[in-house]
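Topology and contacts: notes
One-letter residues, chain by chain:
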Amino acid sequence: MKKLRKAVFPVAGFGTRFLPATKAVPKELLPVVDQPLIQYAIDEARAAGIEEFIFVTGRGKGAIEDYLDKAFEIEADLAEKSKTALLDAVKATKLPAGAAAFVRQQEMAGLGHAVWVARHLVGDEPFAVLLPDELLWNPANPCLKQMAETYEAKGGNVISVLEVPEEHCHRYGIVAPGAAEGFVTEVKGFVEKPKAGTAPSRLAAVGRYIIQPEVFAILDAGKTGAGGEIQLTDALAELIDKQPFHAQTFDGVRHDCGDKAGFIQANIALALERADIADEIRAFIRGL
């Protein structure tokens, strides 16, 4: 079993739910309190031991590369003014030299297509996929770290899941479950966005994956699924019974930051955990 070293971040989407803001600012750089969504995903990957970070970008997403670069002017100004805490925060956003790679997705053809675009950078290794607009919050034990521990124990493929209300199952890829052991459930099958009343469980995939490279041979076929797009879950379903496959129920709080209400809720929830602003935010909420 090969070590998990690489992670893919699909960040090419237009962010249409947040227009007009995303005309100029990539959705992944929208801040939750004072840190952009992409930084939460990067920090989660680092906590799981990821060494190489692959960003699948698109037109208008150059600001993500700039964000991950060294900010010479800002750092010099902060150093001159002895703003040490802010300087440390800025420096912490940089990845080691050569650790970040960028590849462009030239058409929005689905998550499976975005992952396939990264195939040459991933190579013949297991890799993680993190969707930055899914903020899976457990700073003490981040989601991908939980999954990596399961991967080390069981090998194969691991996805993160959460139980969702039955009436919401049609929005997600739903797991057909096998045997369960604590937070880990064997995956017997997948149904992408099942019709009402047909879901095999309420375990929904929520934007974190550890995948074996054999998935690329399946994605090569370009087979489309729900919504006329190349669905990652459809490709993963073909690995079931060929490789170990497990679902890790996330122990933490999920914030769907691809949704306006979820994004605002995430800002409030994380602000209330911050000692520097929690009292002010709580007083404001009480006064509404």
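Residues numbered from 1 in each chain as written. Predicted model: local features only at pLDDT ≥ 70, side-chain atom pairs only at ≥ 80, totals over all residues. Heavy atoms only, no water.

**Topic: the overall build of the chain**
- Counting its secondary structure elements, the chain contains 11 helices and 13 strands.
- In terms of overall size, the chain behaves like a compact globule, its C-alpha atoms giving a radius of gyration of 19 Å where 288 residues would be expected to give roughly 19 Å.
- Along the first, second and third principal axes, the C-alpha set of the chain runs to 60 × 45 × 40 Å.
- A total of 288 residues make up the chain; the buried ones form 47% of that total.
- Taking contacts inside the chain between residues at least 6 apart in sequence as the whole, the part at least 24 apart equals 76%.
- For the chain, the exposed surface amounts to about 14300 Å²; the carbon and sulfur share of it is 53%.
- Side chains of the chain carry 32 positive and 40 negative charges; the gap between the two charge centres is 3 Å. (Helix = DSSP H or I, 4+ residues; strand = E, 2+ residues; numbered from the N terminus. Rg over C-alpha atoms; globule rule 2.2 N^0.38 Å. Buried < 20%, exposed > 50% of the residue type's maximum accessible area, 1.4 Å probe, protein only. Contact = heavy atoms within 4.5 Å. Areas by Shrake-Rupley, 256 points an atom, 1.4 Å probe, with all protein chains shown as cover. Lys, Arg positive; Asp, Glu negative; His and termini not counted. Charge placed at Lys NZ, Arg CZ, Asp CG, Glu CD.)

**Focus: the nonpolar core**
- Within the largest apolar cluster, 32 residues are counted, with the highest numbers of intra-cluster contacts made by Phe127, Ile159, Val215 and Leu236.
- Leaving out residues up to four positions away in the same chain, Leu236 has contacts with Ile159, Phe190, Tyr209, Ile211, Val215 and Phe245.
- Counting 30 residues, the second-largest nonpolar core is a separate cluster that includes Ile38, Ala128, Val158 and Phe250. (Core = buried A, V, L, I, M, F, W, Y, C linked by side-chain atoms within 4.5 Å.)

**Re the packing of aromatic side chains**
- Taken as a whole and assessed by the stated rule, the structure comprises 7 aromatic pairs.
- Both rings, one in Phe9 and one in Phe53, keep their centres 6.2 Å apart while their planes meet at 20°; by these two values the pair is stacked. Residue Phe9 is found in strand S1 (residues 6-10), and its partner Phe53 is found in strand S4 (residues 52-57); the two are separated by 44 residues along the sequence.
- A ring pair is formed by Phe55 and Phe102, whose centres lie 5.2 Å apart and whose planes are at 20°; its orientation type is stacked. Here Phe55, found in strand S4, pairs with Phe102, found in strand S5 (residues 100-104); they are 47 residues apart in sequence, far enough to count as distant.
- Given a relative accessible area of 30%, Phe102 falls into the partly exposed group.
- Clustering of aromatic rings is evident, with ring pairs tying together Phe9, Phe53, Phe55 and Phe102.
- The ring of Trp116 carries Arg119 above its face, with NZ or CZ at 3.7 Å from the centroid. (Phe/Tyr/Trp six-rings, centres within 6.5 Å; stacked < 30°, edge-to-face > 60°. Lys NZ or Arg CZ within 6 Å of the ring centre and 35° of its normal.)

**A word on helix H10 (residues 260-271)**
- The terminal C-alpha atoms of H10 lie 17 Å apart, and with 12 residues this matches the ideal 16 Å at 1.5 Å per residue to within 8%.
- For H10, the set of buried residues is Gly262, Phe263, Ala266, Leu270 and Ala271. Angular distribution of buried residues about the axis of H10 spans 165°; they occupy a single face of the element.
- Tucked inside the fold, the buried residues of H10 contact strand S2 (31-32), helix H1 (37-47), strand S7 (134-137), strand S13 (253-256) and helix H11 (278-287).
- Two or three places before Ala261, at the opening of H10, Asp259 has a side-chain oxygen 3.1 Å from that residue's backbone nitrogen. (Expected span 1.5 Å × (residues − 1). Arc of directions from axis to C-beta. Polar contact = N/O pair within 3.5 Å; in protein donor to acceptor, adjacent residues only side chain to side chain.)

**Describing unusual backbone geometry**
- In this model, Leu19 is joined to Pro20 through a cis peptide bond whose omega is 10°.
- Tracing the chain through its elements places Pro20 in the loop between S1 and S2.
- A positive phi angle is found at Ser82, which is not glycine, with a value near 55°.
- Relative to the helices and strands, Ser82 resides in the loop between helix H3 (72-80) and helix H4 (84-91).
- With a relative accessible area of 58%, Ser82 lands in the exposed category.

**Quick notes on a nonpolar patch on the surface**
- A contiguous nonpolar patch, built from Ile264, Ile268, Phe284, Ile285 and Leu288 and spanning about 520 Å² of accessible area, is present on the exposed surface.
- Following the sequence through the fold, Phe284 ends up in helix H11. (Patch = residues over 30% accessible without salt bridge, like charges linked within 9 Å, V, L, I, M, F, W, Y side chains within 5 Å. Salt bridge = Lys/Arg side-chain N within 4 Å of Asp/Glu carboxyl O.)

**Re the pattern of salt bridges**
- All chains considered together, the criterion is met by 22 salt bridges.
- In this structure, Glu52 engages Lys6 in a salt bridge whose closest nitrogen and oxygen atoms are separated by 3.9 Å. Of this pair, Glu52 sits in strand S4 while Lys6 sits in strand S1; the two residues are 46 residues apart in sequence, bridging distant segments of the chain.
- Taking relative accessible area as the criterion, Glu52 reaches 27% and is therefore assigned partly exposed.
- Ionic pairing is found between Arg202 and Glu163, a salt bridge with its closest N-O pair at 3.7 Å. One end of the pair, Arg202, is in the loop between strand S10 (184-192) and strand S11 (203-211); the other, Glu163, is in strand S8 (residues 157-163), with 39 residues separating them in the sequence.
- Take Glu163: its relative accessible area is 55%, and that puts it in the exposed class.
- Among the ionic contacts, a cluster of salt bridges with common partners joins Lys3, Arg5, Lys6, Glu51, Glu52 and Glu125.

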